[in-house]
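Take a look at the letters that make up each chain.
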Amino acid sequence: MWAYVLRRVLATIPVMAVVALFVFSLLYIAPGDPAAIIAGDQATPQDVERIRASLGLDRPYLVRFGAWLWDIVRGDLGTSIFTNLPVSHMIRQRIEPTLSLMVLTLILAVSIAVPMGVVAAWRQGTFIDRLVMGFAVLGFSVPVFVVGYLLAYIFALELDWFPVQGYTPIARGFGPWLNNLVLPAIALGGVYIALIARITRATMLEVLSQDYIRTARAKGAGQGNILFLHALKNAAVPIVTVIGIGIALLIGGAVVTESVFAIPGLGRLTVDAILRRDYPVIQGVVLLFSFIYVLVNLVIDLAYTLFDPRIRY
Amino acid sequence: MDRRAFLKTGAAVAASGGISAPALSQGAAARTLRFVPQANLANFDPIWGTQYVVRNAAAVVWDTLYGVDDKLEPQFQMVEADQVSADGLVWTFRLREGLRFHDNTPVLAKDVVASITRWAPRDPMGQMLAAIQNEIVAVDDRTFRWSLKQPFAKMRFALGKNNTPCCFIMPERIAGTNAFQQITEYVGSGPMRFLRNEWVPGAKAVFTKFDGYVPRNEPASWLAGGKRIMFDRLEWVVMPDAATASAALQNGEIDWWENPIPDLVPVLRRNRNLMVDIADPLGNIGSFRMNHLHAPFNDVRIRRAVMMAMNQEDYMRALVGDDTNLWKTLPSFFTPGTSSYTEVGGDILKGPRNMDAAKRLLSEAGYANQPVTCIVAQDQSITKAMGDVTADLLKRMGMNVDFIATDWGTTGQRRALKNAPGQGGWSMFHTWHAGADCVNPAAYNALRGTGDNAWFGWPTSAGTEAGVAEWFGATTPAAEKTAMDKINTAAMNDVVYAPTGFFLSYTSWRRNVSGIQKGPLPFFWGVSKT
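Now for a look at the structure at hand. (Residues numbered from 1 in each chain as written. Chains lettered and ligands numbered in written order. Predicted model: local features only at pLDDT ≥ 70, side-chain atom pairs only at ≥ 80, totals over all residues.)

Brief notes about the overall build of chain A
Looking only at helices and strands, one finds twelve helices and zero strands in chain A. Counting from the amino terminus, helix and strand elements in chain A follow one another as α-α-α-α-α-α-α-α-α-α-α-α. Each principal axis of the C-alpha atoms in chain A carries an extent, and together these give about 85 × 55 × 35 Å. Summarising the internal contacts of chain A: among those between residues at least 6 apart in sequence, 73% fall at separations of at least 24. (Helix = DSSP H or I, 4+ residues; strand = E, 2+ residues; numbered from the N terminus. Contact = placed C-beta atoms within 7 Å.)

Observations concerning the interface of chain B and chain A
Facing the 51 residues of chain B at the interface are 54 residues of chain A. Looking at the side of chain B that touches chain A, the elements with two or more residues in it are helix 1 (3-16), helix 8 (242-250) and helix 14 (408-414) of chain B. When the residues that make up the side of chain B that touches chain A are grouped by side-chain class, the tally is 19 nonpolar, 21 polar and eleven charged. (Nonpolar A, V, L, I, M, F, W, Y, C, P; charged D, E, K, R; others polar.)

Structural notes on unusual backbone geometry
Residues apart from glycine generally show negative phi values, whereas peptide bonds are mostly found in trans. Residues and elements named next belong to chain B. With an omega dihedral of -10°, the bond running from T164 to P165 counts as a cis peptide bond. Looking at where P165 falls in the secondary structure, it is placed in the loop between helix 6 (155-160) and helix 7 (172-175). A cis amide bond, omega 5°, links A295 with the succeeding residue P296. Assignment of secondary structure puts P296 in the loop between strand 13 (284-290) and helix 10 (300-309). The phi torsion at N104 lies on the positive side, around 70°, for a residue other than glycine. Mapping N104 onto the fold places it in the loop between strand 5 (90-95) and helix 4 (109-119). Judged by the 9 C-beta atoms lying within 10 Å of it, N104 falls in the exposed class. Of note, V495 is a non-glycine position whose phi angle comes to about 50°, a positive value. (Buried ≥ 20, exposed ≤ 12 C-beta atoms within 10 Å, placed from the backbone.)

Quick look at the sheet that holds strand 14 (residues 327-328) of chain B
Residues and elements named next belong to chain B. Taken in spatial order, the six strands line up as 14-18-13-17-15-16 in an open sheet, and their pairing is mixed. Each edge of the open sheet is held by one strand with a lone partner, namely strand 14 and strand 16 (400-406). Both strand 15 (residues 371-377) and strand 16 contribute to a ladder of seven bridges, which runs parallel. From the neighbouring strand, A377 faces strand 16, where its bridge partner is T406. Docked against the sheet, helix 13 (residues 381-396) engages strand 13, strand 15, strand 16, strand 17 (428-434) and strand 18 (498-503), running at close to 160° with respect to strand 15. (Pairing = 2+ DSSP bridges. Axes fitted to C-alpha atoms, helices over the stretch in contact; angles between N-to-C directions.)

Here's the deal with the sheet that holds strand 11 (residues 256-257) of chain B
Residue and element names in this part refer to chain B. Strand order across the open sheet formed by seven strands is 8-9-10-1-11-19-12, with mixed pairing between neighbours. Single-partner strands in this sheet number two, and they are strand 8 (192-194) and strand 12 (274-278). The sheet contact formed by strand 8 and strand 9 (residues 204-209) spans three bridges and is antiparallel. By the bridge assignment, F194 is partnered in strand 9 with F207.

Quick look at the pairing of strand 4 (residues 79-84) of chain B
Of the pairings in the sheet, the one linking strand 4 of chain B to strand 5 of chain B comprises five bridges and is antiparallel in character. Paired with V79 of chain B across the strands is L95 of chain B, a residue of strand 5 of chain B.

Topic: the nonpolar core
Ranked by size, the top nonpolar core spans 231 residues in total, and within it I196 and A197 of chain A together with A57, L65 and A305 of chain B carry the most contacts. In terms of residues, this core owes the most to one element, helix 8 (residues 174-208) of chain A, which gives 20 residues. Filtering out sequence-adjacent residues up to four positions away, A305 of chain B remains in contact with A358, L361, L362, A365 and M397 of chain B. (Core = buried A, V, L, I, M, F, W, Y, C linked by C-beta atoms within 7 Å.)

Digging into helix 15 (residues 462-473) of chain B
Residue and element names in this part refer to chain B. Along its twelve residues, helix 15 runs 17 Å from first to last C-alpha, staying within 8% of the 16 Å computed at 1.5 Å per residue. Within helix 15 the residues assigned to the buried category are T464, G467, V468 and W471. Seen from one end, helix 15 has its buried residues packed into an arc of 100°, which puts them on one side. Across from the buried face of helix 15, at angles greater than 90 degrees, the exposed residues are A462 and A469. In this structure, the buried side of helix 15 is in contact with helix 16 (477-494). (Expected span 1.5 Å × (residues − 1). Arc of directions from axis to C-beta.)

Have a look at this one:
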């Protein structure tokens, strides 16, 4: 298995290289000029030209790509055009809120969605099933920002239970950290809960019709035992796969959620960087997200062995 | 114990075994002012980056030699006294005592000379001064002398104006940085320190009171007078979403929101804990610029036809809404309500609009259905609203509109291209100007008619330029007013650009905050919180 893990980790290198080339080329051909934004609205075209030259944006594509790639190889993500801060420093400043939000959402979603899907499959065709599936449709249909605004209005403005915005680092206490993240995690988790609940239900329906479930029932196993011990474990592989794929959903959703709840995370950093054409920051963050995505999928692949002993690497 | 406190305590105790955050006492909270700025503070070099938000933050960290007051008059600030020779060619400045940088070193004349030298190439008035400069030297620690080849009547205004870039005073070692490269050290001369280690670009910027700052004795008025800070800590909290900022202000999580959008103002007004007022009486002027280099707008008759047909009320209602306290039509290029405001020559924008006459003029000019490449940034509510109105206007005039919906970053790049519209260039784009920049020609790049060297659109207007030169030489208010009449007339005739109207915006704060001044930037001196 360790050889497999090593192979997979090494395989991330060409993936990252392709991502790097793609991201750099896309940004190179995309319109927009950070120099014009820096110079401000009153600047003359000559000022803009001088700033562009000072940032090295007037250099040819290959020269810029080569310099950037060389920096990446040396572990240097570059320096933000706008803030003059190292991109790695900016990412460090922002990674905790985003990871916190994603982890909490993941925990919340899995703990709600899996039981929902199991119960819906168990009670197939009943009111409970229709309720769960109705919720799933709602979760898919209502945009994250709408859920966010509604939650903020009800639970922050009207009931005054949670703050409207902001983030408290976990180092300042688990309570304040959680207090800031509850609403964003619920808002972001909606679509994720819907996705996992539907997959869980579909997979469980298939598993519950298997012979060994009938055997378990015949042997007098309790309903909870059948559902969560026999059936769910065998339905886990597709569910875990969807959870892994859904990380991309979380990354995309975090951008919106962080804006709605003013959380200083990587999502907002990315949007700000795109709007300003802060190329080094965009490239750095996209590379990081790609790396996280590849890594998560590796972990998911390894997790299969826990649920299905037939799988060997 | 209220619900939030209960929830916090419960969650902390139950989930973390009692790990809790250090409590912020009421006194500490009162000594922290939490402010939502108009935009993200993405960089912090007010000479390198001339965005308004950078200027606004810089004004609390760096002081200026002079400062304009609310009457737009420059007053002494770091300068204690000045003297100008009889021929107007030599200015001698004396710094006041007790000026210190945030690293506790004294502010010396050599620092000022270096700061002016870095500022000049980035500022229109600075460039004018540099062009007529013989030398600028430090005479002693507190005195510097600037000798010129010809008199420059607006010296004090140039060094104290609030238009970006302001002439902020930095230590010589920092001011020695190339004006087109960003500084990396933020040692200020103003009333508050910038805490670089707490700066999270895009999210937060923090300033603390500098105890070594010696304010002037006069009452504070805009950038002039005693800049007394009444709290210990100022936190800028960046909120990209207006609804979130509104909710946070209502919830008491922030104290002051610089620019609430008009749609949310009724909600804020209904809240008894909040105050809402006009932010800046100098407001903003909306505009669209036509490309004078290429057809169809290289023909002044076609530019005039558009001006004849346009209805500023349409633009303002689309932009600000039906609250007529917030906007007015503007037959002028200058900021209304100021002493030198003029409407002379602005007849083309007055009275009922005449679409038929505009179409006739278009026909006389031989408009041959050339496409009008209209660039409209969709991510800025102001440009989007104006762009939609213009597209409709041009279509009603019978023009062939090529509507390019894009973002502000792309607009910034494309508007700099002088190519023909069909080859990557453009015919028109929309923008707006802060009213403070349009009070007079001093920092009004957008109004200049210097052809290839002019602002985007590259208008040529000899009459405008003659008026600008006359204004810079004017030594009395009456002479300045005469010059501005000429500028307005010539710029209207040549249609240097098309003003779409004058509009104001609101600011909102919690009732426990007092001392907020109306002005072109948020002034934090004199503001207190109970």
